[in-house]
Amino acid sequence: MVIKAQNASGQFASYENRYQIETDEPAGLVEKKIHLSDPVVPWSITELALDAVTLIYAQTQIKQRIVLQTEQAKPTVDVFLQLRGCSVIQRSGQPNRLYQSGQCNLIHTPAYEGELQLSGPDISTFVVQFSPLFFERILWGTAGPLEQLGEAIETGKMHLLAARHALITPAMNATLHALLHCPYKGLVKRLFLEGKLLELVALQLEQIEQSRSGRTTSLRGSDVDKLMAVRDWLDNNFLQPVTLLEVARQAGLNDFKLKKGFRDLFHTTVFNYLTDLRLHYARQLLLEESRTVREVADELGYSQVHHFSHAFKKRFGYLPHALKSQT
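Colleague: Help me get a handle on the pattern of salt bridges, residues and values and all.
Modeller: The tally for this structure, following the rule as stated, stands at 14 salt bridges. Across the salt bridge formed by Arg190 and Glu194, the nearest N and O atoms sit 3.4 Å from each other. One end of the pair is Arg190 and the other is Glu194, both in helix α4 (residues 186-213) and 4 residues apart, which spans about a single turn. With a shortest N-O distance of 2.8 Å, Asp264 and Lys260 are connected by a salt bridge. Placement of both Asp264 and Lys260 in helix α7 (residues 255-266) is noted, with a separation of 4 residues, approximately one turn of the helix. Lys260 sits in the partly exposed class, given a relative accessible area of 41%. Salt bridges sharing partners connect three or more residues here, namely Glu31, Lys33 and Lys189.

Set out below in C-alpha cells:
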C-alpha cells in the first residue's frame, strides 16, 4: 500500500523512503518502522510483512482533520481495527466507509486509489492484509456470510463481512499487543505471528457473529456516543478503582441507562468488560515480564492471590502459575 499525506500547502508527499527496514531472513519477515515529527502528520508506523500477510500499525496525534491519498495495486482481505479516533475511507465507485473508535470489520478490498480522512486528536489503527489466496483456505467449505466473502474474492468485488461494524473486544486488544510485542526471533517468531493472526481473525469472526445475532439497540445516538466514551475511558483507566456511580456521572448517564445501554451495545456488563481488560493485562505481564503471580495480583487490586487465580482460570481455563511455569 502506498500512503501520501497532504501537507500545509495542499501537496501530497510520500514517506516511503524514510522507513527503517529490518529483515529477518530465516523467518521470511521484513519489518519497516517510521517515526516522523512532521508538523502536519507526526506519524509512528510499524509495518511487518510475511509471505502473504502484512501488518500495519499506525499512530498519530493531530489538531485538525487530515487527508491521505492511498493506493493499493493488488486485492487483499483486510482485518481493519480502528483503535482510536475516526477514519473515513473514500474510494471511487464505492460508498464511503466510516470507522469510529473501537470498531472493526473484515473486508475484501480490490485494487484501488482513494482517500482516507482522519480526525482525532488521538488516532490509532491496526490493519492486517491477507492475500486472497492465503485467506481462501480459511473460507474452504464455509456457508452464509463467509461464503459471500468468498464469492466477492472470486468476482473481485469489495465486500464487508458485517454490514454494521463490530466492536473491538479486550481479547482482540490482547492479541494485538502480542503481535506488536513478539519476544521471539527467526522461525519461532514467524509461527507465533501466524498463530496470533489466525486468532485475531477468529476473534473478529466471533464478534461479528455476536453482533449479527444480537438484538437491535434502541439507544439514541447521543447515548451511544456516551457509552462509547465510557468504553474508551475504561480502556485507558482499567487499573483504577471505579464504581458504577462514578462512571455514570462521568458519562452523563443515569445508573440504569449505563448498565442497560452498555449491555445492549457491547453484549457484556461494565464490570465484566473491566475484568476482561484487567485479566488480559495480567496475562501480558506474566508472559512478558519477570513478575510473580502475587505481584500481578497486587497490581490489579486483588486482596487475595487465590481470588485472582480463580478469576484468571475462569477466563482462560488455566491457573496463572501454569503460565509462569512455561516462561
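From this point on, the discussion continues.
Colleague: Describe the packing of helix α8 (residues 270-288) against helix α10 (residues 305-316), with residues and values.
Modeller: As a packed pair, α8 and α10 sit with axes 10 Å apart at the nearest point and diverge in direction by 95°. With respect to each other, α8 and α10 are oriented roughly perpendicular. Seen from α8, the contacting residues are Asp276, Leu279, His280, Ala282, Arg283 and Leu286; seen from α10, they are Phe308, Ala311, Phe312, Arg315 and Phe316. Looking at the contact of α8 with α10, its residues break down into 7 nonpolar, 1 polar and 3 charged.

Colleague: Run through the packing of aromatic side chains, naming residues and quoting values.
Modeller: Overall, the coordinates contain 14 aromatic pairs when judged by the stated rule. Here the aromatic residues Tyr302, Phe308, Phe312, Phe316 and Tyr318 are joined through ring pairs into a cluster of three or more. Against the face of Phe316 rests Arg283, its NZ or CZ located 5.6 Å from the ring centre.

Colleague: Requested: an account of the pairing of strand β4 (residues 29-35), with residues and values cited.
Modeller: Strand direction decides the pairing type here: strand β3 (residues 20-24) and β4, joined by 5 bridges, are antiparallel. By the bridge assignment, Ile21 is partnered in β4 with Lys32. If you look at the hairpin formed by β3 and β4, you'll find 4 residues sitting between the two strands, and Gly28 has a positive phi there, around 70°. As defined by bridge partners, β4 adjoins strand β5 (residues 44-49) across 6 bridges and the pair is classed as antiparallel. Each bridged residue has a counterpart across the sheet, and for Lys33 the counterpart in β5 is Thr46.

Colleague: Describe the nonpolar core, with residues and values.
Modeller: If you look at the biggest cluster of nonpolar residues, it comprises 37 residues, and the most contacted ones within it are Leu55, Leu81, Leu106, Phe126, Val128, Phe130 and Leu200. Of all the secondary-structure elements, those providing two or more residues to this core are β6 (53-61), β8 (76-91), β10 (103-109), β11 (112-130), α1 (132-139), α2 (145-155), α3 (170-180) and α4. Those residues within four positions of Leu55 in sequence are excluded, and the remaining contacts are Thr46, Glu47, Leu48, Leu50, Phe126, Val127, Val128, Leu179 and Leu197. By size, the runner-up hydrophobic cluster in this structure holds 20 residues, among which are Val230, Leu253, Val270 and Leu277.

Colleague: Would you mind going over α3 in detail, with residue names and values included?
Modeller: The element α3 is extensively covered by neighbouring structure, given that 8 of its 11 residues are classed as buried. Within α3, the full set of buried residues consists of Pro170, Ala171, Met172, Ala174, Thr175, Leu176, Ala178 and Leu179.

Colleague: Could you give an account of helix α6 (residues 244-251), with specific residues and numbers?
Modeller: Since the α-helix advances by 3.6 residues per turn, residues separated by three or four positions end up pointing in the same direction. For α6, the full list of buried residues reads Leu244, Val247, Ala248 and Ala251. When α6 is viewed along its axis, its buried side chains cluster within an angular range of 100° and face the same direction. Among the exposed residues of α6, those pointing more than 90 degrees away from its buried face are Leu245, Arg249 and Gln250. Gly252 sits one or two residues past α6 and shows a positive phi near 75°.

What counts and what doesn't
Residues numbered from 1 in each chain as written. Predicted model: local features only at pLDDT ≥ 70, side-chain atom pairs only at ≥ 80, totals over all residues. Heavy atoms only, no water. Salt bridge = Lys/Arg side-chain N within 4 Å of Asp/Glu carboxyl O. Helix = DSSP H or I, 4+ residues; strand = E, 2+ residues; numbered from the N terminus. Buried < 20%, exposed > 50% of the residue type's maximum accessible area, 1.4 Å probe, protein only. Axes fitted to C-alpha atoms, helices over the stretch in contact; angles between N-to-C directions. Parallel < 35°, antiparallel > 145°, perpendicular 65-115°, else oblique. Contact = heavy atoms within 4.5 Å. Nonpolar A, V, L, I, M, F, W, Y, C, P; charged D, E, K, R; others polar. Phe/Tyr/Trp six-rings, centres within 6.5 Å; stacked < 30°, edge-to-face > 60°. Lys NZ or Arg CZ within 6 Å of the ring centre and 35° of its normal. Pairing = 2+ DSSP bridges. Core = buried A, V, L, I, M, F, W, Y, C linked by side-chain atoms within 4.5 Å. Arc of directions from axis to C-beta.

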